[in-house]
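# Residue-level structure breakdown
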Amino acid sequence: MQHQRWLTGAACCLFPMLTQAAMPAAHACPESVPEASISLNAVPAGWTPYIGSPLYLSAAAPIDGAPARRGQLVPSGESTKQGGTTLSYRLEGPYPDGKWLQCSYGVHGEVTLSRRMDDSVSLCEFTYRKGRKAGQNEIDIDCR
């Protein structure tokens, strides 16, 4: 009987953690942009486009306003430890066009995906580690 009580108690405590772990992180970039979602239009006559691999995540940062506004921000701090580099961004003050998370793909950030963040976010930290593919970075994002 006590064993059953212990299992029920453990399930009650672990279930919310497992459910939370299965939910996607609010401030996480997709690892890649699949090749099937990339298309080239209006290529020069006589040329056949071919996209043979996905574009991998190379960079991420908060931006001031929608992507077309090109509101790149400068990090307020940088630290290096345990094989990773962390860039910090203080997002205090007015952002009339909103605070956005921008994820860049390809070696030179040729493609970006962006999403508006909650206006209450005041600090973001981006920890970079080298990825497995050429030009790829694994990036942990902590915005609060």
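Residues numbered from 1 in each chain as written. Predicted model: local features only at pLDDT ≥ 70, side-chain atom pairs only at ≥ 80, totals over all residues. Heavy atoms only, no water.

We now examine the sheet that holds strand β4 (residues 84-90). The antiparallel open sheet is built from 4 strands, whose spatial order is β3-β4-β7-β8. Each having just a single partner strand, β3 (77-81) and β8 (137-143) make up the two edges of the open sheet. When the angles between neighbouring strand axes are averaged without regard to direction, this sheet yields 20°. (Pairing = 2+ DSSP bridges. Helix = DSSP H or I, 4+ residues; strand = E, 2+ residues; numbered from the N terminus. Axes fitted to C-alpha atoms, helices over the stretch in contact; angles between N-to-C directions.)

A few words now on the state of the cysteines. As enumerated under the stated definition, the model contains 2 disulfides in all. The disulfide partner of Cys29 is Cys103, and the S-S distance across this bridge is 2.0 Å. Between Cys29 and Cys103, the S-S torsion sits near -80°, and that sign places the bridge as left-handed. Placement of the pair is Cys29 in the loop between α1 (2-22) and β1 (32-33) and Cys103 in strand β5 (residues 99-105), with a sequence separation of 74 residues. Among the residues examined, Cys29 registers a relative accessible area of 15% and is labelled buried. Exposure remark for Cys103: the relative accessible area of 4% places this residue in the buried category. The disulfide partner of Cys124 is Cys143, and the gap between their sulfur atoms is 2.1 Å. Residues Cys124 and Cys143 are joined through a disulfide that is right-handed, its torsion about the S-S bond being 120°. (Disulfide = S-S within 2.5 Å. Buried < 20%, exposed > 50% of the residue type's maximum accessible area, 1.4 Å probe, protein only.)

Turning our eyes to something else, we now look at the confidence of the model for the protein chain. Across the protein chain, the average pLDDT comes to 86, with 83% of residues at 70 or higher. In this model residues 3-24 is a low-confidence stretch, pLDDT under 50, and it forms 1 contact with partners more than four residues away in sequence or in other chains. (pLDDT = per-residue confidence, 0-100. Contact = heavy atoms within 4.5 Å.)

Counted residue by residue, β4 has 5 buried out of 7 residues, so it is predominantly covered. As paired strands, β3 and β4 are joined by 5 bridges and run antiparallel to one another. For Gly77, the partnering residue across the bridge sits in β4 and is Ser88. Between β3 and the antiparallel strand that follows it, β4, lie 2 residues; Gln82 among them carries a positive phi value of about 50°. Taken together, the 6 bridges between β4 and strand β7 (residues 123-130) define a ladder with antiparallel strand orientation. Within β7, the position partnered with Thr86 by the bridge is Thr127.

A full pass over the atoms with the stated rule returns 8 salt bridges. Taking the shortest distance from any N to any O, the salt bridge between Arg132 and Glu31 comes out at 3.9 Å. In this pair, Arg132 sits in the loop between β7 and β8 while Glu31 sits in the loop between α1 and β1, placing the two residues 101 residues apart along the sequence. According to the relative accessible area criterion, Arg132 is exposed, its value standing at 65%. Its salt-bridge partner being Asp142, residue Arg144 comes within 2.3 Å of it at the nearest N-O pair. Judged by its relative accessible area of 44%, Arg144 is partly exposed. The exposure class assigned to Asp142 is partly exposed, which follows from its relative accessible area of 36%. Beyond isolated ion pairs, a larger network of salt bridges with shared partners links Glu31, Arg132 and Glu138. (Salt bridge = Lys/Arg side-chain N within 4 Å of Asp/Glu carboxyl O.)

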